[in-house]
Structures are given as C-alpha cells and as structure tokens.
Amino acid sequence: MFARFITTAPVAIAISAAFIAAAAPAAAAQSAATCTTTPNQLRAAASTATTDRQKSALILISTGERLCAVDATSEAAKKFAAAARTLGVDMAALPASTTASTQ
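All of these numbers come straight from a predicted model, not from anything done at the bench.

J.: So, the side chain of Thr38: which residues are in play, and what are the values?
T.: Locating Thr38 in the fold gives a position in helix H2 (residues 38–46). Excluding anything up to four places from it in sequence, Thr38 contacts Ala33, Phe80 and Met91.

J.: Before we move on, could you go through the state of the cysteines and cite the residues and values that matter?
T.: In this structure the tally under the stated criterion is one disulfide. One disulfide bridge connects Cys35 with Cys68, the sulfur atoms lying 2.0 Å from each other. Handedness here is read from the sign of the S-S torsion; for Cys35 and Cys68, about -85 degrees, the answer is left-handed. You can see Cys35 sitting in helix H1 (residues 2–36) and its partner Cys68 sitting in helix H3 (residues 51–69), a full 33 residues away along the chain. Here Cys35 falls in the partly exposed class, since its relative accessible area comes to 21%. For Cys68, a relative accessible area of 12% puts it in the buried group.

J.: So, the environment of Gly88: which residues are in play, and what are the values?
T.: By the element assignment, Gly88 lies in the loop between helix H4 (73–87) and helix H5 (97–102). Sequence separation between Gly88 and Ala46 is 42 residues, and the spatial gap between their C-alpha atoms is 9.8 Å.

The rules behind the values
The residue count restarts for each chain, going from 1 along the sequence in the order it is written. Since the coordinates come from a predicted model, pLDDT governs what is reported: local features require at least 70, and pairs of side-chain atoms require 80 or more to be given and counted, while whole-chain, interface and lining totals use all residues. Side-chain numbers here rest on the full set of heavy atoms in the structure, without hydrogens or water. What counts as a helix is a DSSP run of H or I of at least four residues, what counts as a strand is a run of E of at least two, and both are numbered from the N terminus. The contact criterion used throughout is that any non-hydrogen atoms of two residues lie within 4.5 Å. The term disulfide is used for any two cysteine sulfur atoms that are within 2.5 Å. Relative accessibility decides the category of a residue: with a 1.4 Å probe and only protein chains considered, values under 20% of the type maximum give buried, values over 50% give exposed, and everything between is partly exposed.

Structural data, given as structure tokens:
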C-alpha cells in the first residue's frame, strides 16, 4: 500500500501542477481585463444614468481603480460589480466597443 502511494503521489502532484500552471495565464488575463477595460465600460454606462446613480457608480469605479493600482484585483472586481448593480447593468452585457474606442 505504501509503495503504491510512493509511486503515484509524484505523478498526481505533477499532473496537478500542470493544471494549475495552465490556469494561471487565463486568470492573469482576466484580472488584467478587469482593471483595464471594465472601468471604461462602466463609465460609459454611467454617462446615461441618473445623477444619483451616476455619482454612486463613479465613486465605486474610482475605488476599484485604486484597488487595481495596488494589485487587489479581486476586491476591485467586487467594486466594479457593485457599480454595475448601481447602474442596473449586467457586467456581461457591457459593450466591448467602449474599450476599443478608448485605447
């Protein structure tokens, strides 16, 4: 039993490490998009909102951008999601063309 563990454990660890390494670039790309494109998309959505909602959303967006500056992307994503809820916008429905015009 112990001999089987000794031979299979390194293989299991190597396979797990390969899956983790493959997932890391995807997570990094997603966090980069969260901090670069999402604020611009939300600002565009905020431009059509009422004054109160717009003010609240812009505060949340600015806070999210500050969190991105210190590499707290998961917390920034929460602020951006809160801004989207304030605006009544689905994060998945934000227009992709907004980011192309600002870059």
